[in-house]
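Observations on chain architecture
Residues per chain, in single letters:
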Protein chains: 2
Amino acid sequence: MNDAYIHGYLARESTRLQDQADTLAALLHEGTAYPPGSRVLEAGCGVGAQTLTLARRSPDAHFTSFDISAASVAEAARRVAEAGLLNVQCLQADLLAPPFAAESFDHLFVCFVLEHLPRPVEALAALRRLLRPGGSLTVIEGDHGATLCHPAGVQAQCVIDCQVELQRRAGGNALIGRQLYPLISAAGFAAVQVQPRIAYADASRPGWVDGFTHKTFIAMIEGVRDAAIAAGLATPADFDTGLQQLRRTTEPDGSFCYSFFKATAIKPLAGPAHATGPCRAG
Amino acid sequence: MNDAYIHGYLARESTRLQDQADTLAALLHEGTAYPPGSRVLEAGCGVGAQTLTLARRSPDAHFTSFDISAASVAEAARRVAEAGLLNVQCLQADLLAPPFAAESFDHLFVCFVLEHLPRPVEALAALRRLLRPGGSLTVIEGDHGATLCHPAGVQAQCVIDCQVELQRRAGGNALIGRQLYPLISAAGFAAVQVQPRIAYADASRPGWVDGFTHKTFIAMIEGVRDAAIAAGLATPADFDTGLQQLRRTTEPDGSFCYSFFKATAIKPLAGPAHATGPCRAG
């Protein structure tokens with residue numbers, strides 16, 4: 001897997017992801033809270049961008065947050081300690097070979113993870129085995145296809161397409177948000193419910209312009225500039241024009257809109273789990 | 001203005017628009033209700049697709065609903081009468097030369113209208129004159145750029161692009177949703193607030209699959225098939241493949257997503273109204 005583009009693995013991305021978590025927390029986490037005493041597994045926690053929000057919103061639940069990157073886990077653990085949170089354990093682990101007993105968690109939380117995986121259904125099925133019957137799954141992913149810019153710019157679309165293409169070449173899928181329903185169904189979960197959650201920024205919402213358009217989305221696209229140029233997907237001049245067109249949307253007469261998708265589902269109580277998914281793998 | 005593509009003017013579109021109104025009513029009208037005794041002007045009511053919902057949600061407000069098409073107004077009036085609603089007056093009028101006294105309304109409601117107008121800021125400014133200072137404006141528009149299909153199909157995107165191009169050639173803008181903030185600001189309104197409202201359909205939401213994906217969106221695209229072919233924008237075979245790909249999103253492992261934008265604003269109480277808009281015309 002080519003890590004060059006992967007947001008979250010690079011140390012310099014750490015600040016960006018924390019800005020993102022702060023701005024997006026209310027949008028993404030609304031509706032997510034876990035009962036006292038429940039055991040929650042956060043898969044692919046990265047540097048802990050969502051971990052602090054999760055743990056603060058459910059102070060009496062017990063979180064186990066893991067990531068495949070030891071460096072990311074170390075940063076997540078540092079932040080958890082710095083925040084004084086005592087209800088989170090961070091550890092390094094592989095999503096496809098998780099070191100946990102079957103059915104040892106009450107809930108699963110998976111945010112901005114499936115987009116990086118070549119076989120997301122396999123990963124979800126591996127996670128399902130760790131969940132007790134009746135336990136819940138929550139998945140949040142974005143979908144770059146839902147990006148709306150005003151003014152619209154051809155080069156802005158091109159640099160977004162660069163990110164999509166680099167992620168595809170690395171085995172991921174930056175357009176995965178729209179696919180959550182069939183993917184989660186195919187992994188043997190039931191009662192799958194998907195909600196779009198929209199990040200929208202214009203001059204009446206300066207916090208979104210700064211925290212989302214600038215510090216989250218444009219920062220992410222800036223982060224793939226060198227990789228996109230090295231891969232021959234854009235010239236330096238064209239890429240910079242694209243960034244300029246994205247920044248243009250943050251002026252007083254601009255707007256920027258992006259769609260996240262939040263899914264919830266349940267591990268069926270009995271019967272052959274795969275039979276409960278109405279869909280084949282997408 | 002070329003009427004061939006314009007949804008709402010054709011008699012055969014009447015059923016489609018009523019289906020759309022029923023499915024979308026909760027999504028689009030949530031938050032819109034007018035106090036008893038208030039005078040509300042609905043500009044561009046068409047065949048009354050939104051009128052019945054408006055009048056039912058605010059039974060003690062007085063609605064004046066107008067459209068430039070006498071045939072559409074007749075149909076709207078018939079529906080209002082059929083529904084037994086006594087708080088709506090329907091009449092034929094031109095948005096740019098409205099036959100009403102200045103400041104004679106407390107509120108304005110404008111849904112799926114600006115998308116058809118070559119000069120939406122001018123239309124909004126003409127409507128603003130009819131509104132009392134402190135009165136409210138509500139605008140709802142879609143944005144075809146925010147359409148997400150799964151499975152994604154190249155030809156599906158092409159037929160959507162046909163609709164966008166035909167509407168552009170007729171002087172309209174099917175991508176106007178993202179522009180509401182600057183347009184409304186430029187027309188001299190204040191306190192402009194825009195919210196995206198998302199129509200999302202998958203197999204867990206059969207009402208949306210049927211009422212929105214099939215009966216609203218695909219029906220709209222089907223409605224421009226002949227015009228698109230006549231304009232040389234697509235071959236019959238390619239257009240039909242596009243429709244097939246759109247229908248494919250309604251199968252059990254598909255999904256379909258579309259963004260509407262709902263804006264509210266206020267007519268400033270005093271001072272040169274245009275100076276209160278922070279933006280230039282978009």
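The notes below deal with the structure included here. Model, not experiment: these values are computed from the prediction.

**Brief notes about unusual backbone geometry**
- A cis geometry characterises the amide bond from His150(A) onward to Pro151(A), with omega recorded as 0°.
- By the element assignment, Pro151(A) lies in the loop between strand S5 (131–150) and helix H5 (154–169).
- Here Phe112(B), not a glycine, exhibits a phi torsion of approximately 55°, which is positive.
- Inspection of the secondary structure puts Phe112(B) in the loop between strand S4 (105–111) and helix H4 (120–128).
- Phe112(B) gets classed as buried once you look at its relative accessible area, which sits at 16%.
- Positioned with a positive phi, Ala191(B) is a non-glycine residue whose angle comes to about 50°.
- Following the sequence through the fold, Ala191(B) ends up in strand S6 (residues 190–202).
- When its relative accessible area of 54% is taken as the criterion, Ala191(B) is described as exposed.

**Observations concerning the relation of the copies chain A and chain B**
- When chain A is brought onto chain B, the operation consists of a screw motion whose angular component is 180° and whose axial shift is 0.0 Å, with 0.0 Å RMSD remaining. What the rotation and shift describe, once combined, is the action of a two-fold rotation axis. By C-alpha distance to the rotation axis, the residue of chain A lying nearest is Ala146(A), at 2.6 Å.
- Taken as a fraction of all interface residues of chain A, those also at the interface in chain B reach 100%, which identifies the copy contact as same-surface.

**Here's the deal with the packing of aromatic side chains**
- Counting across every chain of the model gives 24 aromatic pairs over all chains.
- Ring centres of Phe100(A) and Phe105(A) lie 5.3 Å apart, and the angle between their planes is 85°; on these two criteria the pair is classed as edge-to-face.
- Residue classification places Phe105(A) among the buried residues on the basis of a relative accessible area of 6%.
- When the ring of Tyr258(B) is compared with that of Phe260(B), the centres are 4.9 Å apart and the planes differ by 65°; the resulting orientation is edge-to-face. With respect to class, Tyr258(B) is no different from Phe260(B); both count as buried.
- Among the aromatic residues, those joined into a cluster by ring pairs are Phe112(A), Trp208(A), Phe212(A), Phe217(A), Phe256(A), Tyr258(A) and Phe260(A).

So, how was this worked out
Sequence positions are assigned chain by chain, starting from 1 and proceeding in written order. Labels are handed out in written order, letters beginning with A for the chains and numbers beginning with 1 for the ligands. Where local features are concerned, this predicted model is filtered to residues with pLDDT of at least 70; where side-chain atom pairs are given and counted, the filter is 80 or more; whole-chain, interface and lining totals use all residues. Hydrogens and waters are ignored; side-chain quantities use all the structure's heavy atoms. Here a strand is any run of E in DSSP of at least two residues, a helix any run of H or I of at least four, and the numbering for each starts at the N terminus. Only protein chains enter the accessibility calculation, which uses a 1.4 Å probe. A residue is then buried if its area is under 20% of the maximum for its type, exposed if over 50%, and partly exposed in between. Residues below a pLDDT of 70 in either copy are left out; the C-alpha atoms of the rest, at least 70 in both, set the least-squares superposition of the copies. Residues are treated as being in contact if the distance between any of their heavy atoms lies within 4.5 Å. Pairing of aromatic rings covers Phe, Tyr and Trp, the last counted by its six-membered ring, and requires centre-to-centre distances within 6.5 Å; plane angles under 30 degrees mean stacked, over 60 mean edge-to-face, and any other angle means tilted.

These results come straight from atomic positions and should not be treated as a statement about function.
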